[in-house]
Structures are given as C-alpha cells and as structure tokens.
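Here is how the chains run, residue by residue.
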Amino acid sequence: MILTSILTISLFIFWILGLWCFPPNFDARSYTHEIFYITGAIAWLWMAICLVIAARPSWIEKVFRSPLDRLYVFHKWLGFAAVAMAFVHYFVKDIFGPILRFIWTLPKPPKKEMLADPAFWDLVWSMSRTVAKESSVWLTWIALILVLLCLTKKIPYKRWLKIHSVFAWVFIFLSLHSLRLMKVSDFYMPFGLSIVAITVVGLWASINLLRKGPGWQKKMKAHVTSISEVGSDCIRLEMKTPLGKEVLPGQFLFVHLPGDEGHPFSIAEFSDDEVILWIKKSGDFTNFLLERLHTGDIVEVEGPWGEFITIFSKKPQSWCAAGIGIAPFNAWLKAAAKNKHGSITLFWTVKDQRTAPFVEAVRKEAEEADVHLMLIDKGQARLTVKQIMQDKPEFVAFCGLALLQKQLRNENYSKNLIIKHEVFNWRDI
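None of the values given here were measured: they were computed from a predicted structure. (Residues numbered from 1 in each chain as written. Predicted model: local features only at pLDDT ≥ 70, side-chain atom pairs only at ≥ 80, totals over all residues. Heavy atoms only, no water.)

## A few points about the overall build of the protein
Consideration 1: For the protein, the count of helices and strands is 14 helices and 11 strands.
Consideration 2: Here the protein, with 429 residues, has 49% of them falling under the buried criterion.
Consideration 3: Within the protein, residue pairs in contact and separated by at least 24 positions form 72% of the contacts whose partners lie at least 6 positions apart.
Consideration 4: As displayed, the protein offers around 22800 Å² of accessible surface, 62% of which is attributable to carbon and sulfur atoms. (Helix = DSSP H or I, 4+ residues; strand = E, 2+ residues; numbered from the N terminus. Buried < 20%, exposed > 50% of the residue type's maximum accessible area, 1.4 Å probe, protein only. Contact = heavy atoms within 4.5 Å. Areas by Shrake-Rupley, 256 points an atom, 1.4 Å probe, with all protein chains shown as cover.)

Next up, the structure:
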C-alpha cells in the first residue's frame, strides 16, 4: 500500500536525520546499535498498521484508499513482514556484528555506575529498562508462535479470531520496550517523535480492539425478520436495519453474534430499512447459523464495507461468479434494472443449474435488468477466458474463480481492460 510505503520511507529519512544531528561513535558497536534501532522501528510501524487495519475504524478505507477486503490481504502479508523484521531486529548483533567487526573495532560497553542508595523512583526507572529488554524477547517469540497458529486451517474460525486478538496484547506489552529503550536525544528529533506517535496509534487500535471489538464505529442493531434454508447448503437471511440506507450495490457487511467477532457476507438485496444476505454453509460460523439465529432475534451488523461496485456504460461488460459469489451480482442486477447500460453477460458457474440455490431469483433479476445470464454446470463444462472476452468487454468483474481471473490478467487482452474482483477467503490469501 502506498501509505505504508510513505510512512516507512519517512521513518527511514527521520532516522538518517537523527544520525546526522547526533552522529554515533565511529565503531562497530555503535553502528550495530543503529541498525538494531531502525529495524525495530520499522517492525513497530508495520505492527501498528496491522492493528489499525484489524480494528476497522470507519475511516480505514478512505485513508488507505483501498477496500477492506484488499486491506485484509495486505494486513496478512504486512503481518508476516512485521514479525520477520522483528526477528531481524532481534538477531541484528549476530547478523551485522561480525560484518562490522571487519571494518571497526568493537569496544567494550562502559560500565554503568550504580548509586549507593538509589531513590525509589530511580530504582523503578532502572528496573524498567531491564523489564523492557527481557520481556521483548519473550513477546517476539510469542508473536512468531501466533503467526504459525494463524497459518493452520485446523483451528476453528472463532478460535482463530481469538488467537489473532492476542497480537493486540503483544503490542501493548511491547510499548514499554519501544519507549523505554529510546535515547533521550531521540525525543527531540522527528525519528523519536515518530516512534511515540506509532506507539500511541497502535495502543489506540489495540485497546479498542480488546474493549469494543473491530468495526465498533460502524455497528448498529438489526432485527431478523426471516431466516430460512435454501437448498441443502444455503441460507437466506432478511434483517430490518437502517444500515440499508448506506449500502451501495456489491458491498458487504459483518454479522456479529454474541461471543463472536463477526463474519463478512455480501449483501444480495437491500432497501432503506432492510438488507438480505445469501449465505453458504461452509464453516463453523455458517454451519450452525440456523441453530443460533431465529426470526425475531436482534443482532449487530457492521458496515457497509468494500468497493466492489460497477459503473454502467454503453460498452460491454462481463460479470463472473462462482457458487455463492453470485450474491453481490444480484445487487448489481437490481441496479442494472434502474440504469441504462450496454451489453452485459453474467457468467455463473454452479454444481447443477437444476438445483442451484437462488437460481430462479437470479434468472428473474437478469431478465428485468436485460442482462444475459449464462449458467455453467461445473460437471459438464468450464468457463474460459475466451467466453468471457467474446464480446470484447471493457469491464470484467469476478467474485470467486481466482485461477480464471489470474489467467485473464496474465493474458493481458487490453491495457484499457478494467478487472475488478472481491476477496473473501481471507484465511487462504
């Protein structure tokens, strides 16, 4: 993300400025310490950004100029990078020390004089440095263990989210390390002030995550008016909520049940006071949704999020969905019925079009919107790039079909071709 790159480069420039204003001693130990310092600062910045994304404040998409689903892709890889950089920081003396010893000497560190009878606060201040230094070692290893646990799919989604939230505690406890080990001179320089700012922002995100939960600024109540099973593996959920006024076709929301952090679902239909979700039973949250949620219940919904939004024009478009990926396109169909548009083909791959959930509703919406619906049975045929591009569309959208999307991008039909896609399987990104 551009913002993260700007912040990282700025932090590096501030570090260089600090070296120019307060030059370190010209020896291996001093320069090893400076490398130790900048690698830790970068890891700290990346960690704070990950926590801000995880907190989902209402302004996150505007500030990062990216939809939330893409931000979670970035969140995952930046989290890996942050932990990797933290270990570079941890092993700096082992990695760079031997290299720098070939160039400079490695003087012994000066012995610190202890006061014969230190005052209470002097003793606390002195001990805090030891605590900050030693605790960071354990917290760094805990962060690595958390990353490894987050990679496994054997952990149920609800427990996986709980494990993930421990990162907020890691950041809170590491804050002592980040501030206590700073040099006094750094507090007068942009680099040191940046570390303070990063710590404050990260603490704000961590505390809100733990106290209020992610997305607290966009939560509101919803009244379940209907919940029913469609076919053998899908659910239709209707809710009365004022959130419907804010929705744009193709966006998604989180449904929060007691004891859960929330699960994202595309909005298939909406009005000013209602949203309708089409849900596939595919995990521990959705498999038991019919047992946990009933007509008349009050739940929390959070959103709307995302920028999976079409722009209608006179030129051809191709929309491509797989399975329950049809949900946001159903909202697009309703919008297409109210807007002038050129030729649109909706490709929908299903297991069996004779029994596919929501197929009749989609057929009806496509007919009213004057959109050509092309159903493809997975067992009999496969959607191809050639089919998608047969009308030479200027705009192609995907929900699902990741391999086909990748193939289309690699073949690079036209520099003017706009390809839009939505990411939902965040654990597999």
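Picking up where we left off.
## Re the packing of aromatic side chains
Where two aromatic rings form a pair, the distance of their centres and the angle of their planes describe that pair.
Consideration 1: Summed over the entire model, instances satisfying the criterion amount to 22 aromatic pairs.
Consideration 2: Plain terms: the ring middles of Trp44 and Phe171 are 3.9 Å apart, the flat faces sit at 5 degrees to each other, and that makes the pair stacked. Placement of the pair is Trp44 in helix H2 (residues 28–55) and Phe171 in helix H7 (residues 157–180), with a sequence separation of 127 residues.
Consideration 3: Residue class for Phe171 comes out buried when judged on its relative accessible area of 0%.
Consideration 4: Summarising the aromatic geometry, the rings of Phe308 and Phe329 are spaced 5.5 Å apart at their centres and angled 75 degrees between planes, so their arrangement reads as edge-to-face. Taken together, the residues Phe308 in the loop between strand S6 (298–305) and strand S7 (317–322) and Phe329 in helix H11 (residues 326–336) connect sequence positions 21 residues apart. (Phe/Tyr/Trp six-rings, centres within 6.5 Å; stacked < 30°, edge-to-face > 60°.)

## A short note on the sheet that holds strand S4 (residues 263–271)
The strands that make up a sheet are held in pairs by hydrogen bonds between backbone atoms, and each pair lies either parallel or antiparallel.
Consideration 1: Ordered in space as S1-S2-S5-S4-S3-S6, the six strands form a closed barrel in which the pairing is antiparallel. For this sheet, the mean inter-axis angle between neighbouring strands, taken without regard to orientation, is 45 degrees.
Consideration 2: Pairing geometry for S4 and strand S5 (residues 274–280), over four bridges, is antiparallel. Paired with Phe270 across the two strands is Val275, which belongs to S5. (Pairing = 2+ DSSP bridges. Axes fitted to C-alpha atoms, helices over the stretch in contact; angles between N-to-C directions.)

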